[in-house]
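Read off the chains here:
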Amino acid sequence: MNAFGSPATLKTAFSADSREPAIDDLPVAPATSVKKEGWRGMMRALSAHGRLLVTNHNQPEAVILSMDEYTQLVQAAQRAKAAEPDPLAELRRQFDERLQKLQAPDANERLRNLMKKPAPLAGAVLSGSSY
(Lines give C-alpha, C1' and ligand atoms only; values in the text may rest on other atoms or scores of the structure.)
Protein backbone atom coordinates (compact mmCIF):
# COMPACT_ATOMS: atom_id res chain seq x y z
CA MET A 1 0.00 0.00 0.00
CA ASN A 2 1.27 3.49 -0.81
CA ALA A 3 1.39 6.52 1.51
CA PHE A 4 -1.94 7.88 0.30
CA GLY A 5 -4.58 7.40 2.95
CA SER A 6 -8.09 6.02 2.82
CA PRO A 7 -11.46 7.68 3.55
CA ALA A 8 -11.24 6.28 7.10
CA THR A 9 -8.02 8.25 7.60
CA LEU A 10 -9.83 11.41 6.63
CA LYS A 11 -12.74 10.75 9.00
CA THR A 12 -10.40 10.42 11.95
CA ALA A 13 -8.35 13.43 10.89
CA PHE A 14 -11.40 15.67 10.54
CA SER A 15 -13.85 14.23 13.06
CA ALA A 16 -14.16 17.56 14.90
CA ASP A 17 -14.39 19.53 11.67
CA SER A 18 -17.79 20.30 10.11
CA ARG A 19 -16.91 19.72 6.43
CA GLU A 20 -19.26 18.75 3.63
CA PRO A 21 -20.06 15.01 3.66
CA ALA A 22 -18.49 14.59 0.20
CA ILE A 23 -15.09 15.52 1.63
CA ASP A 24 -15.35 12.60 4.03
CA ASP A 25 -15.48 10.20 1.08
CA LEU A 26 -12.28 11.38 -0.59
CA PRO A 27 -9.03 9.45 -0.30
CA VAL A 28 -6.45 11.53 1.57
CA ALA A 29 -2.87 12.30 0.68
CA PRO A 30 -0.81 14.40 3.07
CA ALA A 31 1.36 16.91 1.22
CA THR A 32 4.48 15.11 2.43
CA SER A 33 3.22 11.86 0.85
CA VAL A 34 2.54 13.65 -2.41
CA LYS A 35 6.13 14.88 -2.39
CA LYS A 36 7.47 11.46 -1.40
CA GLU A 37 5.35 9.35 -3.80
CA GLY A 38 5.63 11.89 -6.61
CA TRP A 39 3.62 12.15 -9.77
CA ARG A 40 3.36 8.39 -10.34
CA GLY A 41 2.01 7.80 -6.85
CA MET A 42 -0.59 10.47 -7.32
CA MET A 43 -1.59 9.05 -10.70
CA ARG A 44 -1.99 5.58 -9.15
CA ALA A 45 -4.28 7.02 -6.47
CA LEU A 46 -6.23 9.00 -9.09
CA SER A 47 -6.66 5.96 -11.31
CA ALA A 48 -8.04 4.01 -8.35
CA HIS A 49 -10.31 6.70 -6.90
CA GLY A 50 -10.70 9.47 -9.51
CA ARG A 51 -10.02 12.18 -6.95
CA LEU A 52 -7.58 12.89 -4.17
CA LEU A 53 -7.68 15.27 -1.21
CA VAL A 54 -4.28 16.77 -0.42
CA THR A 55 -3.87 17.89 3.18
CA ASN A 56 -1.28 20.02 4.90
CA HIS A 57 -1.04 19.62 8.69
CA ASN A 58 -4.29 17.62 8.62
CA GLN A 59 -6.17 20.47 6.92
CA PRO A 60 -7.63 20.12 3.41
CA GLU A 61 -5.56 22.13 0.97
CA ALA A 62 -6.45 20.89 -2.52
CA VAL A 63 -8.49 18.34 -4.43
CA ILE A 64 -6.90 16.74 -7.46
CA LEU A 65 -9.26 15.24 -10.03
CA SER A 66 -8.75 12.77 -12.84
CA MET A 67 -9.74 13.94 -16.33
CA ASP A 68 -12.88 11.76 -16.15
CA GLU A 69 -13.95 13.32 -12.84
CA TYR A 70 -13.19 16.82 -14.11
CA THR A 71 -15.16 16.23 -17.32
CA GLN A 72 -18.14 14.92 -15.37
CA LEU A 73 -18.00 17.93 -13.04
CA VAL A 74 -17.88 20.41 -15.93
CA GLN A 75 -20.73 18.64 -17.75
CA ALA A 76 -22.86 18.67 -14.60
CA ALA A 77 -22.21 22.39 -14.16
CA GLN A 78 -23.12 23.03 -17.80
CA ARG A 79 -26.36 21.02 -17.45
CA ALA A 80 -27.26 22.95 -14.31
CA LYS A 81 -26.58 26.26 -16.03
CA ALA A 82 -28.64 25.26 -19.07
CA ALA A 83 -31.54 24.27 -16.81
CA GLU A 84 -31.69 27.78 -15.29
CA PRO A 85 -33.71 30.33 -17.24
CA ASP A 86 -31.75 33.27 -18.60
CA PRO A 87 -32.72 36.23 -16.38
CA LEU A 88 -32.37 38.68 -19.28
CA ALA A 89 -34.29 36.62 -21.84
CA GLU A 90 -37.69 38.10 -20.93
CA LEU A 91 -36.28 41.65 -20.98
CA ARG A 92 -34.73 41.01 -24.39
CA ARG A 93 -38.03 39.64 -25.69
CA GLN A 94 -39.96 42.70 -24.44
CA PHE A 95 -37.37 45.08 -25.86
CA ASP A 96 -37.40 43.35 -29.25
CA GLU A 97 -41.21 43.42 -29.31
CA ARG A 98 -41.33 47.16 -28.55
CA LEU A 99 -38.54 47.91 -31.02
CA GLN A 100 -40.42 46.01 -33.71
CA LYS A 101 -43.51 48.16 -33.03
CA LEU A 102 -41.39 51.32 -33.32
CA GLN A 103 -39.89 50.15 -36.61
CA ALA A 104 -43.29 49.29 -38.13
CA PRO A 105 -44.20 51.31 -41.26
CA ASP A 106 -47.12 53.01 -39.50
CA ALA A 107 -45.22 53.80 -36.25
CA ASN A 108 -44.70 57.45 -37.26
CA GLU A 109 -48.41 57.94 -37.92
CA ARG A 110 -49.44 56.19 -34.70
CA LEU A 111 -47.10 58.38 -32.66
CA ARG A 112 -48.47 61.56 -34.29
CA ASN A 113 -52.06 60.47 -33.55
CA LEU A 114 -51.14 59.72 -29.95
CA MET A 115 -49.57 63.16 -29.51
CA LYS A 116 -52.61 64.92 -31.06
CA LYS A 117 -54.98 63.54 -28.42
CA PRO A 118 -53.19 63.15 -25.10
CA ALA A 119 -54.90 60.94 -22.56
CA PRO A 120 -56.45 62.54 -19.49
CA LEU A 121 -54.16 61.87 -16.54
CA ALA A 122 -56.68 62.42 -13.74
CA GLY A 123 -53.83 63.10 -11.34
CA ALA A 124 -51.85 59.96 -12.20
CA VAL A 125 -48.97 59.43 -14.57
CA LEU A 126 -49.58 56.69 -17.12
CA SER A 127 -46.52 54.66 -18.00
CA GLY A 128 -45.16 51.19 -18.54
CA SER A 129 -46.46 48.26 -20.57
CA SER A 130 -50.03 48.75 -19.33
CA TYR A 131 -50.31 52.19 -20.98
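Structure shown above.
What comes next concerns the included structure. (Residues numbered from 1 in each chain as written. Predicted model: local features only at pLDDT ≥ 70, side-chain atom pairs only at ≥ 80, totals over all residues. Heavy atoms only, no water.)

### Looking at the nonpolar core
Put simply, the test is: Here, nonpolar core means buried Ala, Val, Leu, Ile, Met, Phe, Trp, Tyr and Cys residues that are tied together by side-chain atoms lying within 4.5 Å of each other. When accessible area is computed with a 1.4 Å probe and restricted to protein chains, residues below 20% of their type maximum are described as buried, those above 50% as exposed, and intermediate ones as partly exposed. Strands are runs of DSSP state E lasting at least 2 residues, helices are runs of H or I lasting at least 4, and numbering of each runs from the N terminus.
Membership of the largest hydrophobic core is limited to 8 residues, which are Ala29, Ala31, Val34, Met42, Ala45, Leu46, Leu52 and Val54. At the level of secondary structure, the elements contributing two or more residues to this core comprise α3 (31-49) and β2 (51-56). Among the elements that line this core, the one with the most residues is α3, at 5 residues.

### Here's the deal with the sheet that holds β2
Note the threshold: At least two DSSP bridges between two strands are required for those strands to pair. In this analysis an axis means a line fitted to C-alpha atoms, helices contributing only their contacting stretch, and an angle means the value between N-to-C directions, from 0 to 180 degrees.
Taken in spatial order, the 3 strands make up an open sheet running β1-β2-β3, and their pairing is mixed. Across the chains shown, the open sheet's two edge strands, defined by having one partner strand only, are β1 (28-30) and β3 (59-65). The average angle at which neighbouring strand axes cross in this sheet is 30°, direction not considered. Relative to β2, β1 runs parallel, the two being bridged by 3 bridges. Across the sheet, the residue bridging to alanine 29 is valine 54, located in β2.

### Points about unusual backbone geometry
Residue histidine 57 is not a glycine yet carries a positive backbone phi of 55°. Secondary-structure assignment places histidine 57 in the loop between β2 and β3. Residue histidine 57 is classed as exposed on the basis of its relative accessible area of 72%. Positive phi values are uncommon outside glycine, yet asparagine 58 reaches one of about 65°. Along the chain, asparagine 58 falls in the loop between β2 and β3.

### As for the pairing of β2
What counts is decided by this rule: Assignment of crossover handedness uses the view with strands pointing away from the viewer, where a clockwise path from the first strand over the helix to the second indicates a right-handed crossover.
As a crossover connection, the stretch from β1 through α3 into β2 is right-handed. Where β2 meets β3, 6 bridges bridge the pair, whose relative direction is antiparallel. Across the sheet, leucine 53 pairs through a bridge with valine 63, a residue of β3. The turn linking β2 back onto β3 is made up of 2 residues, and histidine 57 within it adopts a positive phi angle of 55°.

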